[in-house]
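Spelled out, the chains give:
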Amino acid sequence: MRTFFKEHQRSGRPGMSRQAGTAALAAALVLSGLAGVTYAGTEQTEEPSTSAPSGKKVVLRVCNWEEYIDLGEWGEDEVIDLESGDIFGENSMVQDFEDWYYETYGIEVNVEYSTFGTNEDLYNMLTLGDVYDLVCPSEYMFMKLMAEKQLVPLSDAFKDSSDPYNYYTNGVSPYIRKVFENHEINGEKWSDYAAGYMWGVTGIVYNPEALTHEEASTWKVLGDPKYDRQVTIKDNVRDSYFAAVGALKSDMLLSEEFRSQADYPVRLEEEMNDVSPETIQEVQDYLQDVKDNVYSFETDSGKADMITGKVLANYQWSGDAVYTMDQAEEDDYYLNFAIPEESTNIYFDGWVMLRSGVEGNADKQHAAEAFINFCSRPDNAVRNMYYIGYTSVIAGGDDSRIFEYADWTYGAEEDEEEVVDYPLGYFFSEDPENEDYTLTVPAEQLIRQLGAQYPSEEAISRSSIMVFFDGEKNDTINQMWINVRCFNILDVPVWIWVITVLALAALLYVYLSARHRQKLYLGSSK
Amino acid sequence: MRVLKFSRKSLGIPYAVFLVLFVALPLLVLLYYAFTNGQGQFTVSNFAGFFTDPNTLGTLCYSLAVAFVTTLVCLLLAYPAAYFLATSHMKRKQVLILLFIMPMWINFSLRITALKELLTLFEGNLARYPFMNAVIGMSYDFLPFMILPIYNTLSRLDISLIEAAKDLGANDVSAFLKVTLPLSVPGIVSGVSMVFLPAMTNYVVLDMLYNSTYIMGSLIGSYFSAYNWHGGSMIALILLAIIIAFTLLTRGMEDDNQRTVGGALL
C-alpha cells in the first residue's frame, strides 16, 4: 500500500492491489474452516525437521509489505558510489541473507517470503490461520498484536551491543530508539517486541505553480473549495481521520498558546488521537464535505494523477511522495512536498515475531533476529532505501554509509548557487546540534525529496503517532467511515422518489397487462 | 448395461465434490457469519441494522440506481445493434459479431484505464460526474452481455411470422411491436439479468473511475477490512436474496414465452 515503488516501474504491475486483496480475502473467508484443517496438517509435517538438532535446516516465514525490500538485479549504471565503497544490489536481499546466514552461522536457512497489501489484510491473514514467523506491520498494528499477546519478545542477545553482528542494536538511529523505548502499550515498551524497519510522515505533494507552500501546509487544503475536485485523499479511515482532525482543530493547534505549553508533544498527540463521540461526529460531517470536494479517495492512483497533472495536490506518505517527485522530474515537471503545520502522522513499520510461528523454537527466533540484523546492515539499509524510496530507521552508528548515502543523493554540487545547511543531527546522533551530520543541499530540496525522506527536526517536533483504537471505539470509527462513503437515502430529493414510484407503477402496469393479454391469447388458442 | 449406468453416474462425482467444497460449504459459512455476532451468538441484528440505517439502505438504492440505469443504457444500445446484426444480409456478418465480442478479449482493467483517459479528454475533470462515469464504465464493460442474447433470439426468429403479420395488414412498426419485440423478450430478459446483477456489485469500475460513493460490493470490502466478517456476510446474503428474487421473477416471464415461442437461449 505504502509501497508502490521503483519496483512498480520495473515490473509494471497494475495498480489493483486493494481490489485483488479484498477478493482474495473474500475467498479466504469462505474457506476459513477448511484452511484451519490444512494448516494444522502442514505444521505437523514441518516442525520435526526444523527443530531437529543436527544437520538442521531452518525455515523462516517472512511476511512484509508489497515491494518493500530490494529484489536485486540493478542496472550497471545504478551503482551507488560512496566514499566508503560501492553499494550494488546484485541478488535479492532474501537470497543474500540465506547465503550470509550460512556463511556466518553455518546453518542453512530457507526464507519463505510473502507480502501483504495493508495492515488490515495482514491481520486478517493471521486471523484466518496463516502462520508467519516474522512480519512487518505499522506501529498501530504491532501495538494491537502486542495487546493481544500474539508476539514473542526480542531476545537479550539481539540487544547486546557487543556482538558485531547486531547491526540493528548498533545502528538504529538514536531518535528511533527513543521513540521505541518511550512508547508502550499495557505497560510494555515497543522496543521489547519490535525492531524498526522504515519510517516516515504524511504530507501533501503539490504543484508549486498552483499552490504556495503555505497554502499546501495545512490539512484544510483537502476541504478547500478553491481546489474543487483537484485534490486527492487517502482511501483508508485512519489517514482520513487524522487529516480531518488536523483540519477541524487547525486554529487551536496553530495557536501560540497551545504550542508554547510545556507538555506540547503529549497534548498534541492527545488532540490528534481524539476519538470522543463529538469529534467523530464532526469528522464525519467534515469528511462528507471533503468527499464532494476531492478528486478521489485513492490508494495507488494518486501518484499517477499527480504526475500527469490531473490533480494539483494529494495526500501522500513521505516515501510515496519521494517517488512521485522523482517520477515527475523525469518529465521536467517539478512538484513539492509540504508537511502540514497542524501536525503530521509519523509512522514506523517494524519487524515483530509471532508466537504462532516462533514460540518455543530457538532456531527460528535466531534466524528471524538475524534477518532483522541483516536488513539493518548499513549497506543493506541503503540498498532497500534506494530500491523502495522509504527511509530506513538505521542511522549506521559508527558506520558512516547511511549519512554518505543521504549526501550522495541530496548534497549540493560544487557549482550550485543557492545552498543551505540542513542539520540531521537529531536522527544520526544523540545530539541535534551535532554539526558532523549537517548536509549542504540546494535550497529547493528542503521542500522536495529531502524534506520528505528526512523531515526536518522542526517538522518532527509537531508530529503525532496515531495509536490503535480498540473494541467499541474502533467500531464507531469504522461505522463513521461507512457513513461517509455510503449514499444517505435521506439525501434523495422528493422528486426522485415521485419519479421512481411512478416508473415502478408504470412498469408493473405494463407487465401485468402483457400477462393478461397473453393469457387471453393462450386461452383462445386452446 | 449396469456397469455402463454406474460409470455414467460416476462422471458427475468430480463436479459434485466441487459443488460441495466450493459452493455449499462456503454458503454455510456465509450463513453462519451473517446470523451471528462477534461472540458467536445467533442474531438478526446485522440485518435489522442494515434495513434501519439510512446510509446502508442508501447504498442499496444507489447500487440499484446504477444497475438500473446501466441496464437501460445497455438495452437501448444493444437492441438496435442486435436487430441490425440479425436482420442484415451482409456476407461477413460473423466478422461484425466478432467486433462486438472483441472488447471482452482485452483485459478489463486495461479497458477501464483507457476509458478513464478518454473520459478525461471529454469531460475535463472526471470527478465532477461520478454517477454518469459509473454508468458509462459499466455499460462499456457489460454491453456484449446484452447484445449476444438478444442477437441470438432475433436471429432465430421465424421470418414467416413477420410476413404473416404484414400479409394481415400490419405496417413495419406494428409488425415490430406486435411480433418481433414480444418474441425477443427471452433474449432481453437474459441480457438484463446478465447486466443488472453484476452492475450492482462491480465496484472496481467505480473505484477506477473515481466514484467515491460505495455500492454493495464496496460495502462488503469495507466491512471485511474492518475485520467485520458478520457485516460483510450479511451484505453478501442480501445480494444473494436479491439475485434469487430477480431470477424467480424473470423465470416466470421466460416460461410464459417458452410456451408460445418454444425456445429459450443461452
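On a predicted model such as this, the values are computed, not experimentally measured, just so you know.

1. Considerations on the overall build of chain B
- Each helix and strand counted, chain B has 13 helices and 0 strands in total.
- Secondary structure elements of chain B occur, N-terminal to C-terminal, as α-α-α-α-α-α-α-α-α-α-α-α-α.
- Taken along the three principal axes of its C-alpha coordinates, chain B extends 70 × 70 × 35 Å.
- For chain B, with 266 residues in total, the buried portion stands at 35%.
- Pairs at least 24 residues apart make up 73% of the contacts formed inside chain B by residues separated by at least 6 positions.

2. Regarding the overall build of chain A
- For chain A, the count of helices and strands is 26 helices and 20 strands.
- Within chain A, the fraction of its 526 residues that count as buried is 46%.
- Excluding contacts between residues fewer than 6 apart, the proportion of contacts in chain A whose partners are at least 24 apart in sequence is 77%.

3. Notes on the nonpolar core
- Counting 193 residues, the largest nonpolar core has Leu222(A), Ala313(A) and Phe371(A) as its most contacted members.
- With 12 residues, the single largest contributor to this core is helix 7 (residues 130-155) of chain B.
- In contact with Leu222(A), other than residues within four places in its own chain, are Val231(A), Ile233(A), Ala243(A), Ala247(A), Val290(A), Val294(A) and Tyr315(A).

4. Here we look at helix 15 (residues 277-291) of chain A
All names here are of chain A.
- A rise of 1.5 Å per residue sets the reference length of helix 15, with its 15 residues, at 21 Å; its end C-alpha atoms lie 21 Å apart and thus fit the reference within 8%.
- Where helix 15 is concerned, the buried positions are Ile280, Val283, Tyr286, Leu287 and Val290. Projection of helix 15 onto a plane perpendicular to its axis shows the buried side chains occupying an angular sector of 130 degrees, all on one side. Turned more than 90 degrees off the buried face of helix 15, the exposed positions are Pro277 and Glu278.
- Each element contacted by the buried residues of helix 15 is listed here: strand 11 (231-234), helix 11 (237-248) and helix 25 (471-485).

5. Observations regarding the domain arrangement of chain A
- Domains assigned within chain A are domain 1 (6-198 + 348-407), domain 2 (202-345 + 456-485) and domain 3 (494-525).
- For domain 2 of chain A versus domain 3 of chain A, the distance between C-alpha centres works out to 52 Å.

6. Description of the sheet that holds strand 14 (residues 336-338) of chain A
Residue and element names in this part refer to chain A.
- Ordered in space as 12-11-13-10-14, the 5 strands form an open sheet in which the pairing is mixed. The open sheet has two edge strands, strand 12 (296-298) and strand 14, and neither has a second partner. Ignoring which end each strand starts from, the neighbouring axes of this sheet average 35 degrees apart.
- Bridge count between strand 11 and strand 12: 3 bridges; the pairing is parallel. Along strand 12, the bridge assignment pairs Thr232 with Ser296.
- The sheet strands contacting helix 11 are strand 10 (202-206), strand 11 and strand 13 (313-317), and the helix crosses strand 11 at an angle near 120 degrees.

7. Concerning the environment of Gln453(A)
- Tracing the backbone through its elements, the reader meets Gln453(A) in helix 23 (residues 449-453).
- A sequence separation of 132 residues divides Gln453(A) from Ala321(A), and the C-alpha atoms of the two residues are 8.6 Å apart.

8. A closer look at the pairing of strand 10 of chain A
Residue and element names in this part refer to chain A.
- Within strand 10, 5 of the 5 residues are buried, which leaves it mostly tucked inside the rest of the structure.
- Bridge count for strand 10 against strand 13 is 5 bridges, and the pairing is antiparallel. The residue bridging Thr202 from the neighbouring strand is Trp317, located in strand 13.

9. A few points about the interface of chain B and chain A
- On the side of chain A, 31 residues touch chain B, which itself brings 30 residues to the contact.
- Residue assignment for the side of chain B that touches chain A shows that the elements contributing at least two residues are helix 2 (13-34), helix 4 (54-87), helix 6 (108-123), helix 11 (203-208), helix 12 (216-225) and helix 13 (229-261) of chain B.
- Element by element, the count of residues in the side of chain B that touches chain A is highest for helix 4 of chain B, at 8 residues.
- The residue makeup of the side of chain B that touches chain A, split by class, is 15 nonpolar, 12 polar and 3 charged.

10. A few points about the packing of helix 11 of chain A against helix 15 of chain A
All names here are of chain A.
- Two elements in contact, helix 11 and helix 15, have axes whose closest approach is 9 Å; the angle formed by their N-to-C orientations is 95 degrees. Considering their axes alone, helix 11 and helix 15 lie roughly perpendicular with respect to each other. Together, Ser240, Tyr241, Ala244, Val245, Ala247 and Leu248 of helix 11 and Thr279, Glu282, Val283, Tyr286 and Leu287 of helix 15 make up the contact between the two elements.
- Classifying every residue of the contact of helix 11 with helix 15 gives 8 nonpolar, 2 polar and 1 charged.

11. Considering unusual backbone geometry
- In this model, Glu67(A) sits at a positive phi of 50 degrees, which is unusual for a non-glycine residue.
- Inspection of the secondary structure puts Glu67(A) in the loop between strand 1 (57-65) and strand 2 (80-82).
- Accessibility expressed as a C-beta count within 10 Å gives 22 for Glu67(A), which makes it buried.
- The phi angle at Tyr210(B) is positive, at roughly 65 degrees, despite the residue not being glycine.
- The topology assignment puts Tyr210(B) in the loop between helix 11 and helix 12.
- Taking the number of C-beta atoms within 10 Å as the measure of exposure, Tyr210(B) has 26 and is therefore buried.

12. Description of the packing of helix 15 of chain A against helix 25 of chain A
Residue and element names in this part refer to chain A.
- The geometry of helix 15 relative to helix 25 is characterised by a closest axis approach of 9 Å and an angle of 25 degrees between their N-to-C directions. In terms of orientation, helix 15 and helix 25 fall into the roughly parallel class. Pair helix 15 / helix 25 crosses with right-handed handedness. Residue-level inspection shows Ile280, Val283, Gln284, Leu287, Gln288 and Lys291 of helix 15 in contact with helix 25, the latter providing Thr476, Ile477, Met480, Asn483 and Val484.
- A class-by-class count of the residues in the contact of helix 15 with helix 25 yields 6 nonpolar, 4 polar and 1 charged.

13. Concerning the environment of Thr169(A)
Residue and element names in this part refer to chain A.
- Within the fold, Thr169 resides in helix 7 (residues 167-171).
- The class for Thr169 is buried, based on 21 C-beta atoms found within 10 Å.
- In sequence terms Thr169 and Ile447 are 278 residues apart; their C-alpha atoms lie 31 Å from each other.
- Excluding its chain neighbours within four sequence positions, the residues that come into contact with Thr169 are Phe158, Lys159, Asp160 and Ser161.

What counts and how
Residues numbered from 1 in each chain as written. Chains lettered and ligands numbered in written order. Predicted model: local features only at pLDDT ≥ 70, side-chain atom pairs only at ≥ 80, totals over all residues. Helix = DSSP H or I, 4+ residues; strand = E, 2+ residues; numbered from the N terminus. Buried ≥ 20, exposed ≤ 12 C-beta atoms within 10 Å, placed from the backbone. Contact = placed C-beta atoms within 7 Å. Core = buried A, V, L, I, M, F, W, Y, C linked by C-beta atoms within 7 Å. Expected span 1.5 Å × (residues − 1). Arc of directions from axis to C-beta. Domains from an automatic or database assignment. Pairing = 2+ DSSP bridges. Axes fitted to C-alpha atoms, helices over the stretch in contact; angles between N-to-C directions. Nonpolar A, V, L, I, M, F, W, Y, C, P; charged D, E, K, R; others polar. Parallel < 35°, antiparallel > 145°, perpendicular 65-115°, else oblique. Left-handed = near helix turned anticlockwise from the far one by under 90°.

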